[in-house]
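Here's the letter readout for the chains.
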Amino acid sequence: MLVTAISSPEELTVELLSRQYPRAAGSLLRASMVTSIDGMTSVAGRSGPLSGGSDRRIFHFLRAGASAVIVGARTVLAEGYRKDPSFTGDLAEYRNHCGLPETLRIVVASRSGGDPGPFPGFERIVLRPDTTRSRLLERLELEDPAVILCEGGPSLLHRLTQSRAVDEYCITLAFTLVGAGDAPLSPGSLVAPYPLAAASAIVTAEAAHLRLVPRSS
Ligand SMILES: NC(=O)c1ccc[n+]([C@@H]2O[C@H](COP(=O)([O-])OP(=O)(O)OC[C@H]3O[C@@H](n4cnc5c(N)ncnc54)[C@H](OP(=O)(O)O)[C@@H]3O)[C@@H](O)[C@H]2O)c1
């Protein structure tokens, strides 16, 4: 397992992050979320208070290496998502190096229909209960290999965990206690505990940025 300790977000170069979060030879469904020590993902409805400089850097790095982002409808509303984000500086170079288009495709998971629907301008997807990574690739018409990045929220991530679709959980554990919150990381029940193993970690004084994979894989 690769463990790196840093004292400032400026140390998170593209080179270092590429080692910590490598692009696999095949396709990947990555999930990216930040949680407090007591398992909450938002404070007063937003994730921002849990996220420091290193988390933001990793968030944007993971986006820069993604073919598409899938995100839950409530997160789009709560976090004020904008469509077609683009990148600057070393992240634009990294994205170009990965052979990805300048802007990032964002797909909203929502069952609310209608035209234009509640998310004008965004693509929308309805997930079947048995959604797997390969079915998602097909539905999004992405060519193998591709990286799909799930940015939450907890309900969407839980659904994908239930169908064992997630290859990597890129979880920032913020060293903060929130108390009773409104968005626990795992909001539903699982048939059985789902053990994960750390593939890599970046540790700062304020957070641990973990790349976790299902233990059976
Ligand atoms: N800390 C973090 O990293 C982080 C990340 C993301 C979000 N958050 C926080 O989490 C909260 C929002 O998360 P959440 O768990 O409430 O909601 P969410 O996962 O963002 O979205 C849930 C929505 O997904 C849609 N959905 C459910 N089943 C579906 C299906 N089968 N196919 C397609 N869409 C489906 C539904 O939308 P419709 O109702 O439109 O059908 C549902 O309302 C916010 O407070 C946000 O700040 C934190």
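See the structure above.
A few points on the structure. Quick caveat: nothing in here was measured; it's all calculated off a predicted structure.

A closer look at the environment of V191
If you trace the backbone, V191 turns up in the loop between β7 (168–174) and β8 (196–203). The class for V191 is exposed, based on 6 C-beta atoms found within 10 Å. The sequence separation of V191 and G39 amounts to 152 residues, and the corresponding C-alpha distance is 19 Å.

Quick notes on the site of the ligand
Within the structure, the ligand sits among 29 residues, and G72, T75, G152, G153 and S155 are positioned closest to it. Mapped by element, the contributors of at least two residues to the shell around the ligand are β2 (28–36), α3 (73–79) and α6 (154–162). By residue number, the principal contributor to the shell around the ligand is α3, which donates five residues. Across the shell around the ligand, the residue classes break down as 12 nonpolar, 11 polar and six charged.

Notes on the nonpolar core
Grouped together as the largest cluster of nonpolar side chains are 42 residues, with contacts concentrated most on A31, L62, I148 and C150. Counting only elements with at least two residues in this core, the list comes to β2, α2 (53–64), β3 (68–72), α3, β4 (105–109), β6 (147–150), α6 and β7.

Side note on the packing of α2 against helix α4 (residues 89–97)
Running from N to C, α2 and α4 cross one another at 30 degrees; their axes reach a closest spacing of 9 Å. Between α2 and α4, the angle falls in the class roughly parallel. Between α2 and α4 lies a crossing whose hand is right-handed. Contacts from H60, F61 and A64 of α2 reach α4 at L91, Y94 and R95. Looking at the contact of α2 with α4, its residues break down into four nonpolar, one polar and one charged.

Rules and cut-offs
Residues numbered from 1 in each chain as written. Predicted model: local features only at pLDDT ≥ 70, side-chain atom pairs only at ≥ 80, totals over all residues. Helix = DSSP H or I, 4+ residues; strand = E, 2+ residues; numbered from the N terminus. Buried ≥ 20, exposed ≤ 12 C-beta atoms within 10 Å, placed from the backbone. Near = placed C-beta within 6 Å. Nonpolar A, V, L, I, M, F, W, Y, C, P; charged D, E, K, R; others polar. Core = buried A, V, L, I, M, F, W, Y, C linked by C-beta atoms within 7 Å. Axes fitted to C-alpha atoms, helices over the stretch in contact; angles between N-to-C directions. Parallel < 35°, antiparallel > 145°, perpendicular 65-115°, else oblique. Left-handed = near helix turned anticlockwise from the far one by under 90°. Contact = placed C-beta atoms within 7 Å.

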